[in-house]
Amino acid sequence: MASTPQPLSGSEIRETFLKFYEQRGHKILPSASLVPEDPTVLLTIAGMLPFKPIFLGQKQAEVPRATSSQKCIRTNDIENVGRTARHHTFFEMLGNFSFGDYFKENAIAYAWELSTQIFGLPPERLVVSVFREDDEAFAIWRDRIGIPAHRIQRMGEEDNFWVSGITGPCGPCSEIYYDFHPERGDDNLDLEDDTRFIEFYNLVFMQYNRDAEGNLTPLEKQNIDTGMGLERMAQILQKVPNNYETDLIFPIIKTAADIAGIDYAKAKEETKVSLKVIGDHVRAVVHLITDGVTASNMGRGYILRRLIRRVVRHGRLIGIENEFTSLLAETAIALSEAAYPQVRERESAIKGELEREEAAFRKTLERGEKLLQEIIAKSKGQQIAGEDAFTLYDTYGFPLELTQEIAEEQGLTVDVEGFNVAMDRQRELSKDAHETIDLTAKASLDAIGNTEFLGYTQLSTQATITAILANGQQVELAEAGTEVKLILDRTPFYAESGGQIGDRGYLSGDTTLVRIEDVQKDGHLFIHVGRIERGNLEVGMPVMAQIDRACRRRAQANHTATHLLQAALRKIVDPGISQAGSLVDFDRLRFDFNLPRSLTPEELQQVEEQVNTWISEAHDAEVNVMPIAEAKAKGAIAMFGEKYGDEVRVVDYPGVSMELCGGTHVHNTAEIGVFKIISETGISSGVRRVEAVAGAAVLDYLNVRDKVVRELSDRFKVKPEELPQRVTNLQGELKATQKALDEVKQELAIAKSDQLLTQAESVGEFKILIAQLDIDADSLKTAAERLQQKLGNSAVFLGSIPEPDKVSLVAAFSPEVNKKGLQAGKFIGQIAKLCGGGGGGRPNLAQAGGRDPSKLQEALEIAKKQLTEGLQ
């Protein structure tokens, strides 16, 4: 009896797809980074995104046919992850692309051959959709492929017409669906029924250009853009109920389940949801960190941080108490390293980032609990607002379920509807920000042609004005006093890029002068931003373009110093340091790098000395353009996540530093003069920042510091070198004064509290003392503990109004009182609500606060009544 063949693994599906198209003339291209070149999106959200410039006509395709497996991230519907069979944040999109080569007939034939003959899907289980007006595609499927007409569904524009934006390239698409339940018959097929159908292959026929009036005109070159979801095809071929149980994700889920001591097969549905979320998100964060993203509260960093926190949160929900994310990362790395070797290369960075973020989030959860107590106090015994619950969830990663649980303990409810409204609003913002790929062409400017950059060798040049923009509009003429953006046919001005700001300078004509304050780059166009100081400016006018030489020298010094700084850090601190960002300004430089700790003062001094040593050694620059493979073979450093062409510019100071860089630099390190580190700080988890000055900017920096030192010396009447000791002495005097003040306050609290002993009342065998004592909260706690100890078998309840709008409460109960069923924490929480507050603590000692001092006396009276009743 023949054995049943093993289904293809996820890796085999990926390899089979790519090889299939390679054999049909497609060049296999590697996945682009999750950090895209496209500034309109935060992350790579579609397989076609790396090819956007080609589809726009901004860049020539290097090959007529290509195929790739592209890593993608989408978070606009993150709440569906784990709850549906196929929603993900991270996914791989297998694609084949034609750039003006083949079109519909070949694309459809290839897709059908791959699906049925190579992957072996039964034709009778496949249904296709086409755009309702695309008779050509319908005919190909019916007549060439042989699909019965009733299994070809015509769909509307919303489902089957791909658009890039309001204007730009667009076209109909055709999708292939797999039928999980063919036994239900072909009558009234509903492709929206995701219990029966799954769309696994989408073919986009990019054949039109849409103008501002909505008119469609055929593109000169028609393109093909397809996408097959790797996870979806794995679900189909591996015959599992959802994408999560494929071999692409389930090993991560199994690792998490083992850590939690859970049998996945027997787990409750909500537990399975948490495990699926963990499995999905761990893949996402591993690849994000691999591509250079670090956790922060902005942009991509915020997405990474949110995903990590959701992993930790769902781990907590299934009972994982100890740190666990790095263990899951090991499984994810092992699953991915064959296709993406860089995940193993970045293993230490991945695990380090996860460990730091997980540890920090566990502390954040503690802070969230404290904030929740403040929110409970603010609610004044009523419902917790949905906005507050969402703030806890979105900012602190605090689960709604946990908020509800704690609120219930305090006798409160949560406005879940308000929470959902806030969640929907955030989801829409996320969708707007991350889902749309805008391919709208700026036709009028694109037609102008590229700007020729001469600034590496020339500081001035004759040029011609090719475009003028004023008030956001393209104009032919602009007058004196107008703020303008100008495009020249050639320029010596460096445009902001690679961390270096744009040049400043002037454009001059016979009677015209334009001051240029900034230069930006849009594709191959250099946009000169400035103001017309005198005369008029018109398109076609010749001008002399002259950069500010002093500013350029400062930028060159700071940029080269940044390269030397990175080399010194790698030499002295850690050879694995990599750049995470930089700024090269005229008066300072900033260098961000990956390191999980701060630099010691000794390391900072050694780095600074090393850079100044290289400066004094007068190393010449060698700048060459070469193939990127040759540059990397020579050891040139590339910024992680940066995109480079086939040929790159290499800036080399032999024996010191060699980097891929398009910026401007000194010809010899001696031109820098001197280098000074100003500060070293942490800007996010695992990312440090060094700020420094170089060249002429050092003198500016020292002049400012010298002025401050002289003023302090005059004020304190000491020599500059005596200032540190004088400040130390003042700090000591202040500390001693504060200590004496605290001691006086404690003595006053004791004295006041001792006077209250006579007010204690007997209730059976117990003493109770309820009183107002207007001292600060810490002193109130001390007084309550002291009084309870002096009274012995007793219950002490004190209140104070330390500030006009603040109430402090303390309860101190003896063990015998606890045995009567009275616990300080629970008791004080109920009383605090009367003052518009909340709180809690241990059975024997608890504190609380409130915001309504007018209710303090009433609260004390009720406390006395309840204690009397409870102790009788």
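Residues numbered from 1 in each chain as written. Predicted model: local features only at pLDDT ≥ 70, side-chain atom pairs only at ≥ 80, totals over all residues. Heavy atoms only, no water.

**Remarks on the sheet that holds strand S33 (residues 845-850)**
Line of reasoning, step 1. The sheet built from six strands is open, its strands ordered S28-S29-S30-S31-S33-S32 with mixed pairing. Because the sheet does not close on itself, it has two edges, and the strands there are strand S28 (761-763) and strand S32 (838-841). Each adjacent strand pair in this sheet contributes to an overall mean axis angle of 20 degrees, direction not counted.
Line of reasoning, step 2. Contacting strand S29 (766-772), strand S30 (794-803), strand S31 (806-813) and S33, helix H22 (residues 777-791) crosses the sheet at an angle of about 160 degrees to S30. (Pairing = 2+ DSSP bridges. Helix = DSSP H or I, 4+ residues; strand = E, 2+ residues; numbered from the N terminus. Axes fitted to C-alpha atoms, helices over the stretch in contact; angles between N-to-C directions. Contact = heavy atoms within 4.5 Å.)

**Some details on the packing of helix H21 (residues 723-754) against H22**
Line of reasoning, step 1. Contact pair H21 / H22: the axes reach a minimum separation of 9 Å and the direction vectors enclose 45 degrees. As the angle between them shows, H21 and H22 are arranged oblique. Seen along the crossing, H21 lies across H22 with a hand that is right-handed. In contact with Lys745, Gln746, Ala749, Ile750, Ser753 and Asp754 of H21, H22 contributes Ser779, Thr782, Ala783, Arg786, Leu787 and Lys790.
Line of reasoning, step 2. Residue classes in the contact of H21 with H22 are distributed as four nonpolar, four polar and four charged. (Parallel < 35°, antiparallel > 145°, perpendicular 65-115°, else oblique. Left-handed = near helix turned anticlockwise from the far one by under 90°. Nonpolar A, V, L, I, M, F, W, Y, C, P; charged D, E, K, R; others polar.)

**A word on the pairing of strand S27 (residues 687-694)**
Line of reasoning, step 1. Counting buried residues along S27, seven of its eight residues qualify, which places the element largely inside the surrounding structure.
Line of reasoning, step 2. Bridge analysis of strand S22 (residues 589-594) against S27 gives six bridges, and the strand direction is antiparallel. The residue of S27 that forms the bridge with Arg590 is Glu691. (Buried < 20%, exposed > 50% of the residue type's maximum accessible area, 1.4 Å probe, protein only.)

**A word on a nonpolar patch on the surface**
Line of reasoning, step 1. A cluster of nonpolar side chains, contributed by Val704, Val708 and Leu712, occupies part of the molecular surface with about 230 Å² of accessible area.
Line of reasoning, step 2. Structurally, Leu712 can be placed in helix H20 (residues 696-716). (Patch = residues over 30% accessible without salt bridge, like charges linked within 9 Å, V, L, I, M, F, W, Y side chains within 5 Å. Areas by Shrake-Rupley, 256 points an atom, 1.4 Å probe, with all protein chains shown as cover. Salt bridge = Lys/Arg side-chain N within 4 Å of Asp/Glu carboxyl O.)

**Section: the packing of helix H1 (residues 10-22) against helix H6 (residues 230-238)**
Line of reasoning, step 1. Relative orientation of the contacting elements H1 and H6 amounts to 115 degrees, with a least axis distance of 10 Å. Between H1 and H6, the crossing angle belongs to the class labelled roughly perpendicular. Considering how the two elements wind past one another, H1 and H6 form a crossing that is right-handed. Contacts from Gly10, Ile13 and Arg14 of H1 reach H6 at Leu230, Met233, Ala234, Leu237 and Gln238.
Line of reasoning, step 2. Of the residues assigned to the contact of H1 with H6, the class counts are five nonpolar, two polar and one charged.

**So, the nonpolar core**
Line of reasoning, step 1. Of all hydrophobic cores here, the largest spans 86 residues; its most connected members are Trp141, Phe200, Tyr201 and Met228.
Line of reasoning, step 2. Apart from residues no more than four positions distant in its own chain, Trp141 is found in contact with Ile108, Trp112, Val128, Val130, Gly146, Ile147, Ile152, Ser174, Ile176 and Leu203.
Line of reasoning, step 3. Leu565, Val666, Ile672 and Ile677 belong to the second-largest nonpolar core, a separate cluster that totals 29 residues. (Core = buried A, V, L, I, M, F, W, Y, C linked by side-chain atoms within 4.5 Å.)

**Quick look at the side chain of Thr669**
Line of reasoning, step 1. Counting through the fold element by element, Thr669 comes out in the loop between strand S25 (657-660) and strand S26 (675-684).
Line of reasoning, step 2. At 2.8 Å, the side chain of Thr669 forms a polar contact with the backbone nitrogen of His619.
Line of reasoning, step 3. Beyond its immediate sequence surroundings of up to four residues, Thr669 is in contact with Leu564, Trp614, Ile615, Ala618, His619 and Tyr653. (Polar contact = N/O pair within 3.5 Å; in protein donor to acceptor, adjacent residues only side chain to side chain.)

**Focus on the pattern of salt bridges**
Line of reasoning, step 1. A full pass over the atoms with the stated rule returns 41 salt bridges.
Line of reasoning, step 2. We note a salt bridge from Arg184 to Asp193, for which the minimum N-O separation is 3.4 Å.
Line of reasoning, step 3. Here Arg344 makes a salt bridge to Glu347, at a shortest N to O gap of 3.1 Å.
Line of reasoning, step 4. Taking relative accessible area as the criterion, Arg344 reaches 26% and is therefore assigned partly exposed.
Line of reasoning, step 5. A single salt-bridge network, built from bridges that share partners, covers Glu330, Glu337, Arg344, Glu347 and Lys351.

**Some points on the side chain of Glu680**
Line of reasoning, step 1. Mapped onto the secondary structure, Glu680 falls in strand S26.
Line of reasoning, step 2. In this structure the side chain of Glu680 is engaged in a polar contact, spanning 3.4 Å, whose partner is the backbone nitrogen of Leu599.
Line of reasoning, step 3. For Glu680, the side chain forms a polar contact with the side chain of Arg688, separated by 2.7 Å.

**Details of a negative patch on the surface**
Line of reasoning, step 1. Taken together, Glu158, Asp159, Asp190, Glu192 and Asp194 make up a surface patch of like negative charges.
Line of reasoning, step 2. Position of Glu192 relative to the elements: it lies in the loop between strand S7 (168-179) and strand S8 (197-210).
Line of reasoning, step 3. Residue Glu192 is classed as exposed on the basis of its relative accessible area, which comes to 54%. (Lys, Arg positive; Asp, Glu negative; His and termini not counted. Charge placed at Lys NZ, Arg CZ, Asp CG, Glu CD.)

**Some points on the pairing of S33**
Line of reasoning, step 1. By the bridge criterion, six bridges tie S31 to S33 in an arrangement that is antiparallel. Within the sheet, the bridge partner assigned to Val810 lies in S33 and is Gln847.
Line of reasoning, step 2. Across four bridges, the pairing between S32 and S33 is antiparallel. Looking across to S33, one finds that Gly841 is bridged to Ala846.
Line of reasoning, step 3. Between S32 and S33, which follow one another and run antiparallel, lie three residues.

**Thoughts on the packing of aromatic side chains**
Line of reasoning, step 1. One pass over the full model with this rule turns up 19 aromatic pairs.
Line of reasoning, step 2. Note on Phe103 and Phe205: the rings are 6.1 Å apart at their centroids and 65 degrees apart in plane angle, and the pair reads as edge-to-face. Note that Phe103 is positioned in the loop between strand S3 (90-99) and helix H3 (104-118) and Phe205 in strand S8, a separation of 102 residues in sequence.
Line of reasoning, step 3. Aromatic side chains Phe453 and Tyr494 sit 6.2 Å apart centroid to centroid with 70 degrees between the ring planes, which places their arrangement in the edge-to-face category. With Phe453 in strand S10 (residues 452-453) and Tyr494 in the loop between strand S15 (490-491) and strand S16 (505-508), this pair connects stretches of sequence that are 41 residues apart.
Line of reasoning, step 4. Put simply, the rings of Phe17, Phe20, Tyr21, Tyr102, Tyr110 and Tyr201 pair up and form one aromatic cluster.
Line of reasoning, step 5. Note that Arg24 overlies the ring of Phe20, its terminal NZ or CZ placed 3.6 Å from the centroid.
Line of reasoning, step 6. Geometry around Tyr340 places Lys71 over its ring, the cationic atom sitting 5.4 Å from the centre. (Phe/Tyr/Trp six-rings, centres within 6.5 Å; stacked < 30°, edge-to-face > 60°. Lys NZ or Arg CZ within 6 Å of the ring centre and 35° of its normal.)

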